[in-house]
Number of protein chains: 2
Amino acid sequence: MKKSYLEMSERELSDSISALTAEYEAEKKKGLKLDMSRGKPSTAQLDLSNGLLKILDGKEARAENGFDVRNYGVLAGIPEARRLIADVCGVESENVVIGGTASLEVMYNTVVRAMIFGTGEGKTPWIKQGKIKFICPAPGYDRHFGICQDLGIEMITVRMTKTGPDMDEVERIVASDSSVKGIWCVPKYSNPDGITYSGETVRRIASMKCAADDFRVFWDNAYIIHDLDDKPDKLLNIFDIIKGTPNEDLVYMFVSTAKVTFPGSGISAFISSGKNVDFALAHMNYQTISYDKINQLRHVRFFGSADGMRAHMKKHAAILYPKFKITLDALKGELDGLDIAHWEEPRGGYFVSLYVLPGTARRVGELCKNAGVTLTNIGATYPYGVDPDDSNIRIAPSYPTEEELAAAMKVLCICVKLAAAEKLLGK
Amino acid sequence: MKKSYLEMSERELSDSISALTAEYEAEKKKGLKLDMSRGKPSTAQLDLSNGLLKILDGKEARAENGFDVRNYGVLAGIPEARRLIADVCGVESENVVIGGTASLEVMYNTVVRAMIFGTGEGKTPWIKQGKIKFICPAPGYDRHFGICQDLGIEMITVRMTKTGPDMDEVERIVASDSSVKGIWCVPKYSNPDGITYSGETVRRIASMKCAADDFRVFWDNAYIIHDLDDKPDKLLNIFDIIKGTPNEDLVYMFVSTAKVTFPGSGISAFISSGKNVDFALAHMNYQTISYDKINQLRHVRFFGSADGMRAHMKKHAAILYPKFKITLDALKGELDGLDIAHWEEPRGGYFVSLYVLPGTARRVGELCKNAGVTLTNIGATYPYGVDPDDSNIRIAPSYPTEEELAAAMKVLCICVKLAAAEKLLGK
């Protein structure tokens, strides 16, 4: 049964197509409607945080500094919220600015701020420097690429490896081209591969020599505490490494509780050097009076501490782990040994990244769609929406129920095989 | 007693200064600490909305379209929140985009969007048009001026009259200078004067002929339902007037529940033509996935309808009206007939705008401060923080208790008289 597709004869491939088509048609008849397109928490995960909704009343609505969180003020966030996030991230409170309800907006606004004002006092706004570029390790997070696209920032694709972005390439580019102003990184459980940057990768990023003195690392630590089991990946704290070096202001970190409490209704944070934080606040001061302090206090009361938040994440893991297992078991059971697909086995995050036979990912997406299974848009994990190999498929196992997921994975694996056989047969 | 200061002899002025200085010193000894600097709701007002805090639990967290508001999605806001705001504003839901927790941020982001992308498809970004300018009716809202200052937009001051901005001047400027791109308006209960634009003013704004085809009116309807009594000012609905005219896309309106529920934790909205809304959403789509839909649903559940929100505003009025009365009674009782001050009697909003003897406002601010009474920074109500007449003082009566307010007004009136007598005596 487990013969490599690459070793199949035309006849064998043809027979496979017939058999797989029959399987596919049978699945299609079921009228499935399954969505694995986005890294959305499931209802069961959302329910974990329902206690947050009623945790605060008007009488208790005071921050530890006595400030009534229901009124104007406190731009950088209430002290206990800054401390909570600082503790989770291993930084100091003064390096944390609490933002709105989504880190995507904090990232977008941070890029916009550099476009309009530059990265600091006396720096030239990016928008006045002609064409600027960002390094985009790929596959990566489509919404990072979207920010670049919206703002007219050229994207340079760099290959992801099993230890993070191809650092030889990254170092070469940042050293030689001063129009390169940033790099998008999801350093822990990367979106979509689920890879955690190795110690060497983090150290090399921290000590990069950049041609542009206003280059910044956009360190989207989206899955900082989003482990799936008790053998989590360890990510070096990049701020510990850059502290006191010429690269002290190199890194903008972003985190949020989108996948801790409620997406779109959580708290987010911008984390950086004192100098960067001061510069950000100096302009944010004109943008808003304060973000939602009531919601900040809700989060503090609900978790109590960083440990409380970490304990909460174990409840998410208990729901997510079986779904990742279903996904990986299906891939292993159906595709292992066929030489038409490979994948990572992440220990956290929200995705399984599947690489199918080059040139077949779009066909797989189309086949899945026609059978009622929605995947992340094929190509979306690459800049400009184009996967040069037409190979990567991002699987988001979190939202469907276990039964739905198993059904969707069955369809997906049939489609991966069918598309591969078609391709190899030259159909 | 009520002799005009302008008719006093040197001797009388000198005697007045002695008497007022004694009064002032007596007040100073009390060690007051009173803040009338910002339009902040009082604790009693905040308490009116405490019911909002616990109104939602996880089970009920679905929008009318079945969407779980605890999860990702719905960029423009949940339908019932858009409808609620539309009903309050007399517009259609599709013209309403719900933003984050503060309208200041929506305004800032709207200006930034025009800076980077222009005001619509095919329009040149403002930032690529060299020096651009905004018309700033003054006195006005300091944070509007702050946005211009932060973004390097030159401010052109236009005088406020009793019917709104000096429209002869506004029309002349917009018709002749294509680098003029915007005007800040608080059309109802203007900040700080409490003036509501007359029908003629609204009609003239709606039919302005602008040299710049990307000119926009920033219509900050901050006090749209913030009436103090049952004889509220009526503001024409500018959207009714521009509809179907060449100026259909002229107006960006902004509202929020900052002073309805909780400042910094309310809901805000951007309201404009279909074309402007589509353009805004096309870029917002890269900036965020959605704003806080849980908070949107909280507001909908709490108010039920626009009528519910209006009824809620009557409770605010019941708290605010006596404070405005204390303020105005003090001004009338202490300053009427002295020819050294005049003021408006607003029927809503958050401020009383006091004009003291030209050249004495800063002195009044200093005297008040030394006696423990904090006013809005003198000059802050003018572009670049400079009141050319050094005359306007913005009084914010909402935050202090009635007792505190009466004490603060007593000090203020003493200081206004003392500074005037000093000035007239040439001291």
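Residues numbered from 1 in each chain as written. Chains lettered and ligands numbered in written order. Predicted model: local features only at pLDDT ≥ 70, side-chain atom pairs only at ≥ 80, totals over all residues. Heavy atoms only, no water.

A. Summary view of unusual backbone geometry. At the junction of Ala138 of chain B and Pro139 of chain B, the peptide bond is cis and its omega measures out at 5° in the coordinates. Examined against the element boundaries, Pro139 of chain B turns out to sit in the loop between β3 (133-138) and α5 (142-151). In this structure, Pro192 of chain B follows Asn191 of chain B across a cis peptide bond, with omega equal to 5°. Its identity as a non-glycine residue notwithstanding, Val74 of chain A has a phi of 70°, on the positive side. Position of Val74 of chain A among the secondary structure elements: in the loop between α2 (43-47) and α3 (79-89). A relative accessible area of 23% places Val74 of chain A in the partly exposed class. Look at Tyr189 of chain A: it is not a glycine, yet its phi comes out positive at around 50°. Within the element layout of this structure, Tyr189 of chain A appears in the loop between β6 (180-185) and α7 (199-206). Accessibility expressed as a relative area gives 1% for Tyr189 of chain A, which makes it buried. (Helix = DSSP H or I, 4+ residues; strand = E, 2+ residues; numbered from the N terminus. Buried < 20%, exposed > 50% of the residue type's maximum accessible area, 1.4 Å probe, protein only.)

B. Region of interest: the sheet that holds strand β7 (residues 216-220) of chain A. All names here are of chain A. With mixed pairing, eight strands are arranged side by side in an open sheet as β2-β9-β8-β7-β6-β3-β4-β5. If you trace the sheet from one side to the other, it starts and ends with β2 (96-98) and β5 (164-165), each paired once. Both β7 and strand β8 (residues 251-256) contribute to a ladder of four bridges, which runs parallel. The residue of β8 that forms the bridge with Asp220 is Phe254. (Pairing = 2+ DSSP bridges.)

C. View of the interface of chain B and chain A. Tallying the contact residues gives 53 residues for chain B and 53 residues for chain A. Of all residues in chain B, Arg70, Tyr72 and Tyr286 of chain B bury the most surface against chain A, accounting for 15% of the area lost on that side. Remark: the boundary between chain B and chain A carries two salt bridges. Of the charged contacts, one joins Asp47 of chain A and Arg70 of chain B as a salt bridge, the two residues approaching to 2.7 Å between their closest N and O atoms. Our count for the chain B to chain A interface comes out at 19 residue pairs in polar contact (both at pLDDT 80 or more). Taken together, the elements giving at least two residues each to the side of chain B that touches chain A come down to α2 (43-47), α4 (103-117), α5, α9 (274-287) and α10 (293-303) of chain B. Counting residues per element, the side of chain B that touches chain A draws most heavily on α4 of chain B, which supplies seven residues. Residues belonging to the side of chain B that touches chain A are distributed by class as follows: 24 nonpolar, 16 polar and 13 charged. (Contact = heavy atoms within 4.5 Å. Buried area = accessible area lost by both parts, 1.4 Å probe. Salt bridge = Lys/Arg side-chain N within 4 Å of Asp/Glu carboxyl O. Polar contact = N/O pair within 3.5 Å; in protein donor to acceptor, adjacent residues only side chain to side chain. Nonpolar A, V, L, I, M, F, W, Y, C, P; charged D, E, K, R; others polar.)

D. Local environment of the sheet that holds strand β13 (residues 392-395) of chain B. Residue and element names in this part refer to chain B. An order of β10-β11-β13 is seen for the three strands of this open sheet, with the pairing classed as antiparallel. Looking at strand neighbours, the two that pair on one side only are β10 (341-343) and β13, the edges of this open sheet. With strand direction ignored, the average angle separating the axes of adjacent strands in the sheet is 25°. In this structure, β10 lies alongside strand β11 (residues 352-356), joined through three bridges in antiparallel fashion. Paired with Trp343 across the two strands is Leu354, which belongs to β11. Lying over the sheet, helix α11 (residues 306-335) contacts β10, β11 and β13, oriented at roughly 20° with respect to β11. Across the face of the sheet, helix α13 (residues 402-424) comes into contact with β10, β11 and β13 while running at roughly 25° to β11. (Axes fitted to C-alpha atoms, helices over the stretch in contact; angles between N-to-C directions.)

E. Structural detail: the pairing of β13 of chain B. Residues and elements named next belong to chain B. A two-sided burial pattern is seen for β13, the buried positions comprising Asn392 and Arg394 on one face and Ile393 and Ile395 on the other. Relative to β13, β11 is paired through four bridges, and the arrangement is antiparallel. Bridge assignment links Tyr355 to a residue of β13, and that residue is Asn392.

F. Main features of the pattern of salt bridges. Overall, the coordinates contain 52 salt bridges over all chains when judged by the stated rule. With a closest N to O distance of 2.9 Å, Lys3 of chain B and Glu12 of chain B form a salt bridge. By relative accessible area, which is 30% here, Glu12 of chain B ends up partly exposed. The structure contains a network of salt bridges with shared partners spanning Asp47 of chain A together with Arg62, Asp68 and Arg70 of chain B.

G. Seen up close, the environment of Gly130 of chain B. Residues and elements named next belong to chain B. Positionally, Gly130 belongs in the loop between α4 and β3. Note on Gly130: relative accessible area 53%, which makes it exposed. The sequence separation of Gly130 and Ser179 amounts to 49 residues, and the corresponding C-alpha distance is 8.2 Å.

H. Main features of the packing of helix α6 (residues 167-176) of chain A against α7 of chain A. Residue and element names in this part refer to chain A. One way to put it is that α6 packs onto α7 with a least axis distance of 11 Å and a crossing angle of 0°. When the interaxial angle is binned, α6 and α7 end up roughly parallel. Only Thr201, Arg204 and Ile205 of α7 make contact with α6, whose side of the interface consists of Met167, Asp168 and Glu171. In terms of residue class, the contact of α6 with α7 is made up of two nonpolar, one polar and three charged. (Parallel < 35°, antiparallel > 145°, perpendicular 65-115°, else oblique.)

I. Representation of the nonpolar core. Counting 78 residues, the largest nonpolar core has Val111 and Leu151 of chain A together with Val111 and Leu151 of chain B as its most contacted members. When near neighbours in sequence (up to four residues on either side) are disregarded, Leu151 of chain A contacts Tyr108, Val111, Val112 and Met115 of chain A together with Ile116 and Phe117 of chain B. (Core = buried A, V, L, I, M, F, W, Y, C linked by side-chain atoms within 4.5 Å.)

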